[in-house]
Amino acid sequence: DVKVTQSSRYLVKRTGEKVFLECVQDMDHENMFWYRQDPGLGLRLIYFSYDVKMKEKGDIPEGYSVSREKKERFSLILESASTNQTSMYLCASRPVFMSYNEQFFGPGTRLTVL
Amino acid sequence: QQQVKQSPQSLIVQKGGISIINCAYENTAFDYFPWYQQFPGKGPALLIAIRPDVSEKKEGRFTISFNKSAKQFSLHIMDSQPGDSATYFCAASTGSNYQLIWGAGTKLIIKP
């Protein structure tokens, strides 16, 4: 079974703090994604990574950056957390060579910024 | 044109009833239409998917109906059970693009 793990289930931070969210997948997938999930807005793509050291902005990259130094790990960084970044953050991965476009998700990190 | 519009936002169905969630799209280049199911405290997981060369796909109690001319697709859950209570997302993508375009989600509650 594909396993995608996220470093924290719940996180509480203060405005202005630098926040790191970690995601690890164990299936040697090339592509990895960071989404945020807000009620009524669905899943919005923040950043994705084709492969190691490769990244591309998604629909809402402002206020976020990412790092992918190893294939299995994709980090999301909030440079200076703000209250409007309070949300559920979901990481996903997928292999490049797949006959259909299935993404495998981690359990999510619920981040609260006070 | 990249949007996928999903309705309703929430749905309450009696146990044993049929749950129906609808999605509409504009981009005719989309060629893959999955539905994901998300339980509380979990990430979404692929439930069922369809390609536009068929009008219906059934897996157990779950069926996708696809209307290419109307650019709509829907998820039908037959004999709905309390264990089906979850948030459901439709999505779409094109063959050459690994990105999924997501609907806003539907929170389904099945009442015993």
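Structure report, in brief. Quantities reported herein were computed from a predicted structural model and do not represent experimental measurements.

### A closer look at the packing of aromatic side chains
Turning to step 1, where the next piece is worked out: In this structure the tally under the stated criterion is 19 aromatic pairs over all chains.
Turning to step 2, where the next piece is worked out: Ring centres of B:Trp35 and B:Phe73 lie 5.8 Å apart, and the angle between their planes is 70°; on these two criteria the pair is classed as edge-to-face. Separated by 38 residues along the polypeptide, B:Trp35 in strand 4 (residues 33-38) and B:Phe73 in strand 8 (residues 72-77) bring together distant segments of the chain. The two residues B:Trp35 and B:Phe73 agree in class, both being buried.
Turning to step 3, where the next piece is worked out: Put simply, the rings of A:Phe33, A:Tyr35, A:Phe48, A:Tyr50, A:Phe105, B:Tyr36, B:Phe89 and B:Trp102 touch in pairs and so form one group of aromatic residues.

### A few points about the side chain of A:Ser8
Residues and elements named next belong to chain A.
Turning to step 1, where the next piece is worked out: Considering the arrangement of structural elements, one finds Ser8 in the loop between strand 1 (4-6) and strand 2 (10-13).
Turning to step 2, where the next piece is worked out: Of the residues examined, Ser8 reaches a relative accessible area of 18% and is grouped as buried.
Turning to step 3, where the next piece is worked out: Excluding residues within four positions of it along the chain, Ser8 makes contact with Gly108 and Thr109.

### Some points on the state of the cysteines
Turning to step 1, where the next piece is worked out: In the structure shown here, the tally under the stated rule is two disulfides over all chains.
Turning to step 2, where the next piece is worked out: Sulfur-sulfur distance for the disulfide between A:Cys23 and A:Cys91 comes to 1.9 Å. Here the disulfide of A:Cys23 and A:Cys91 is left-handed, its torsion about the S-S bond being about -75°. Here A:Cys23 is found in strand 3 (residues 19-25), whereas its partner A:Cys91 is found in strand 9 (residues 87-94), with 68 residues between them in sequence. No difference in accessibility class separates A:Cys23 from A:Cys91, as the two residues are buried.
Turning to step 3, where the next piece is worked out: What pairs with B:Cys23 in a disulfide is B:Cys90, and their sulfur atoms sit 1.8 Å apart. Classification of the bridge connecting B:Cys23 and B:Cys90 rests on its S-S torsion, roughly -95°, and on that basis the disulfide is left-handed. Residue B:Cys23 is located in strand 3 (residues 19-25), and its partner B:Cys90 is located in strand 9 (residues 86-92); the two are separated by 67 residues in the primary sequence.

### Observations concerning the interface of chain A and chain B
Turning to step 1, where the next piece is worked out: On the chain B side, the residues contacting the 22 residues of chain A number 19 residues.
Turning to step 2, where the next piece is worked out: Buried area between chain A and chain B, summed over both chains or domains, comes out near 1,600 Å², and the portion from carbon and sulfur atoms is 53%.
Turning to step 3, where the next piece is worked out: It is A:Leu43, A:Asn101 and A:Phe105 that lose the most area in chain A upon contact with chain B, and together they represent 31% of the buried surface on that side.
Turning to step 4, where the next piece is worked out: Remark: the boundary between chain A and chain B carries zero salt bridges.
Turning to step 5, where the next piece is worked out: In this structure, the connection of chain A to chain B is made through six residue pairs in polar contact (both at pLDDT 80 or more).
Turning to step 6, where the next piece is worked out: At the level of elements, strand 4 (31-38), strand 5 (42-49) and strand 9 of chain A are the ones that each hand at least two residues to the side of chain A that touches chain B.
Turning to step 7, where the next piece is worked out: Residues of the side of chain A that touches chain B, tallied by class, amount to 11 nonpolar, eight polar and three charged.

Analysis parameters
- Numbering of residues starts from 1 in each chain and follows the order in which that chain's sequence is written.
- Chains and ligands are labelled by the order in which they are written, letters from A for the one and numbers from 1 for the other.
- Confidence filtering applies because this is a predicted model: local features only for residues at pLDDT of at least 70, side-chain atom pairs given and counted only at 80 or more, and all residues used for totals across whole chains, interfaces and linings.
- Working from all heavy atoms in the structure, the side-chain values ignore hydrogens and water.
- Pairing of aromatic side chains here covers Phe, Tyr and the six-membered ring of Trp, requires ring centres within 6.5 Å, and sorts the geometry by plane angle: under 30 degrees stacked, over 60 edge-to-face, intermediate tilted.
- Comment: elements are numbered from the N terminus, with helices defined as DSSP H or I runs of at least four residues and strands as E runs of at least two.
- Buried, partly exposed and exposed residues are distinguished by accessible area as a fraction of the type maximum, computed with a 1.4 Å probe on protein chains only: under 20%, between the cut-offs, and over 50%, respectively.
- Here a residue-residue contact requires only that any non-hydrogen atoms of the pair lie within 4.5 Å.
- Note on terminology: disulfide denotes any pair of cysteine sulfur atoms within 2.5 Å.
- Reported buried area values correspond to the accessible surface (1.4 Å probe) lost by two parts on association, with both partners' losses combined.
- We define a salt bridge as a side-chain nitrogen of Lys or Arg found within 4 Å of a carboxyl oxygen belonging to Asp or Glu.
- As used in this structure description, the phrase polar contact means that two N or O atoms lie within 3.5 Å; if the pair is within protein, one of them must be able to donate a hydrogen and the other to accept it, and residues adjacent in sequence are counted only when both atoms belong to side chains.
- Lys, Arg, Asp and Glu make up the charged group, whereas Ala, Val, Leu, Ile, Met, Phe, Trp, Tyr, Cys and Pro make up the nonpolar group; the residues left over, Gly among them, are polar.

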